[in-house]
Amino acid sequence: VGYIIVQGAPAMSWEFISGFPTDGMKAGGILPALIGTIWLTIGTAIVSVPLGIGAAIYLAEYATENRWTRAIRIAIINLAGIPSVVYGLFGLGLFVLFLGFGTSIIAGSLTLAIMTLPVIIASTREALASVPMAFREACWNMGATRWQTIRKVVLPNAISGILTGIILEVSRTAGETAPIMFTGAAAFIPFLPQSVFDETMAMSLHLYVISTQVTGVPEEVPYGVALVLITMVLAMNALSIAFRVYLRGKKKW
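Below you will find a few notes about this structure. (Residues numbered from 1 in each chain as written. Predicted model: local features only at pLDDT ≥ 70, side-chain atom pairs only at ≥ 80, totals over all residues. Heavy atoms only, no water.)

### Quick word on the overall build of the protein
- Along its length, the protein carries 11 helices and two strands.
- Listing each helix as α and each strand as β along the protein from the N terminus yields α-α-β-β-α-α-α-α-α-α-α-α-α.
- Each of the three principal axes of the protein carries a C-alpha extent, and together these read 70 × 45 × 30 Å.
- Buried residues in the protein amount to 42% of all 253 residues.
- The long-range share in the protein, meaning contacts at least 24 apart out of those at least 6 apart in sequence, stands at 74%.
- Averaging the positions of the 15 positive and the 12 negative side-chain charges in the protein gives two centres separated by 20 Å. (Helix = DSSP H or I, 4+ residues; strand = E, 2+ residues; numbered from the N terminus. Buried < 20%, exposed > 50% of the residue type's maximum accessible area, 1.4 Å probe, protein only. Contact = heavy atoms within 4.5 Å. Lys, Arg positive; Asp, Glu negative; His and termini not counted. Charge placed at Lys NZ, Arg CZ, Asp CG, Glu CD.)

### Regarding the packing of aromatic side chains
- Scanning all chains against the criterion turns up four aromatic pairs.
- Taking the centre distance of 6.4 Å and the plane angle of 85 degrees together, the rings of Phe90 and Phe95 count as edge-to-face.
- Note on Phe90: relative accessible area 41%, which makes it partly exposed.
- Between Phe243 and Tyr246, the aromatic rings sit 6.3 Å apart at their centres with planes inclined by 10 degrees, giving stacked as the arrangement. Taken together, the residues Phe243 and Tyr246, both in helix 11 (residues 220-249) and three residues apart, mark about one turn of the helix. (Phe/Tyr/Trp six-rings, centres within 6.5 Å; stacked < 30°, edge-to-face > 60°.)

### Observations regarding the packing of helix 10 (residues 203-212) against helix 11
- Between helix 10 and helix 11, whose axes approach to 9 Å, the crossing angle comes to 165 degrees. The angle between the axes of helix 10 and helix 11 places the two elements in the roughly antiparallel class. In this structure, helix 10 meets helix 11 at a crossing whose hand is left-handed. Between helix 10 and helix 11, the contacting residues are Met203, Ser204, His206, Leu207, Ile210 and Ser211 on the first element and Val221, Pro222, Val225, Ala226, Val228 and Leu229 on the second.
- The residue inventory of the contact of helix 10 with helix 11, partitioned by class, reads nine nonpolar, three polar and no charged. (Axes fitted to C-alpha atoms, helices over the stretch in contact; angles between N-to-C directions. Parallel < 35°, antiparallel > 145°, perpendicular 65-115°, else oblique. Left-handed = near helix turned anticlockwise from the far one by under 90°. Nonpolar A, V, L, I, M, F, W, Y, C, P; charged D, E, K, R; others polar.)

### Considerations on the nonpolar core
- In this structure, Phe16 and Met203 are the most contacted members of the largest nonpolar core, which totals 28 residues.
- Of all elements in the fold, only helix 3 (31-62), helix 6 (105-129), helix 10 and helix 11 reach the threshold of two or more residues within this core.
- In terms of residue count, the dominant contributor to this core is helix 11 (five residues).
- Leave out the neighbours within four places in its chain, and Met203 touches Ile30, Ala33, Leu34, Thr37, Val225, Val228 and Leu229.
- In this structure, Val49, Leu128, Ile150 and Val154 belong to the second largest nonpolar core, which totals 13 residues. (Core = buried A, V, L, I, M, F, W, Y, C linked by side-chain atoms within 4.5 Å.)

### Details of the side chain of Asn237
- By secondary structure assignment, the location of Asn237 is in helix 11.
- Within the local environment of Asn237, its side chain forms a polar contact with the side chain of Ser171, the two groups lying 3.0 Å apart. (Polar contact = N/O pair within 3.5 Å; in protein donor to acceptor, adjacent residues only side chain to side chain.)

### Here's the deal with unusual backbone geometry
- In the Ramachandran plot, Asp23 falls in the positive-phi region, its phi being about 55 degrees despite a non-glycine side chain.
- Mapped onto the elements of the fold, Asp23 is located in the loop between strand 1 (21-22) and strand 2 (27-28).
- One non-glycine residue with positive phi stands out, namely Met25, at about 70 degrees.

### Brief notes about the environment of Ala185
- Here Ala185 shows up in the loop between helix 9 (178-183) and helix 10.
- A C-alpha to C-alpha distance of 23 Å links Ala185 and Pro218, two positions 33 residues apart in sequence.
- Not counting the four nearest positions on each side in its chain, Ala185 is found in contact with Thr103, Ile180, Glu199, Thr200, Ala202 and Leu205.

### A short note on the packing of helix 6 against helix 8 (residues 146-173)
- As a packed pair, helix 6 and helix 8 sit with axes 8 Å apart at the nearest point and diverge in direction by 150 degrees. When the axes of helix 6 and helix 8 are compared, the pair comes out roughly antiparallel. Pair helix 6 / helix 8 crosses with right-handed handedness. Two secondary-structure elements touch here, helix 6 through Leu112, Met115, Thr116, Val119, Ile120, Ser123, Thr124, Ala127 and Leu128 and helix 8 through Val154, Leu155, Ala158, Gly161, Ile162, Gly165, Ile166, Glu169, Arg172 and Thr173.

### What to know about a nonpolar patch on the surface
- Together, Leu79, Ile82, Val85, Val86 and Leu89 make up a nonpolar patch on the protein surface, roughly 370 Å² of accessible area in all.
- Ranked by residues supplied to the nonpolar patch, first place goes to helix 5 (residues 84-98) with three residues.
- Residue position: Val86 is located in helix 5.
- Classification of Val86 by relative accessible area gives partly exposed; the value is 42%. (Patch = residues over 30% accessible without salt bridge, like charges linked within 9 Å, V, L, I, M, F, W, Y side chains within 5 Å. Areas by Shrake-Rupley, 256 points an atom, 1.4 Å probe, with all protein chains shown as cover. Salt bridge = Lys/Arg side-chain N within 4 Å of Asp/Glu carboxyl O.)

### What to know about the pattern of salt bridges
- Per the stated rule, a full pass over the model turns up five salt bridges.
- A salt bridge links Glu61 to Arg136; its shortest N-O distance comes to 2.8 Å. Linking Glu61 in helix 3 with Arg136 in helix 7 (residues 133-141), this pair joins segments that are 75 residues apart in sequence. With respect to class, Glu61 is no different from Arg136; both count as buried.
- Between Glu176 and Arg172 there is a salt bridge, and its shortest N-O distance comes to 2.9 Å.

This is the structure in C-alpha cells:
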C-alpha cells in the first residue's frame, strides 16, 4: 500500500478524479470508471444482499436437516471457490445473450451478485448460528412465532456479523475484473451511464487496460488508478469495522 501511495500520489488531482480520459487514455481523468464502479457495486448489493440474507435465514432457521439441505450447503461451499472468470462466462451466456440484456450495468451487477451470494449466505448463517439457542427457546416459551423470534431477537443480535460479511464481500466486487469484462464493462466510453442498461467503464478494467494494452501511459497514472481503487475498498472495509464495533457495543449480552 505504501509503495502504491508513493507511486500514485503524483497523479492525484481534482482533474484526475473528475475528468474524462483523453489522448487515448494516456491522460485525463477517471470519472467514468469511478462512477461505473459505484453503479456496479450498488447494483450488486441491491440484488445479492436480500437474496443472501433470505436464503441464510431459511437454511439456518427453517430448513430441516436432510439430504436436500446438505446438498445445498455443499453446493454453496463449492460455489464460493469457483474462479470469478467462470462466473463471467456464465453471466455472458445467461444475462448478456439469453436474457438479452447485452453488455450493460444490469448484466454485470447480476453476475457479480451471483458470485457474491455464496459468501454472503455462508457469513450470514455463521452470524445467525452465533446467537444462543436459549434466546430462541425463551421467545418460543413466551408464545412468539418463529418469524417473530427471528425478527425481534435473532437478527438484532446477529446483525453486526451479517453486515460485516456483506460489506466486506460487496467491497471485494469493486476490484473484480473478469466477470465485468464479459458482461458490463468496456475499455473506453466517453460519457457517463444514464441507466442500468448502458455499458460502463470500471476502475479494475481501466487499470488493466492502461497497464497492459495502452502504450506510452505515464507511470504514475496506473498507480493513481490503483490508489483510488484501494482507497475505495479500504474505506468500505473501515466502515464495516466501525459499524460492527458500534453494533456490538449496543448488544445486551
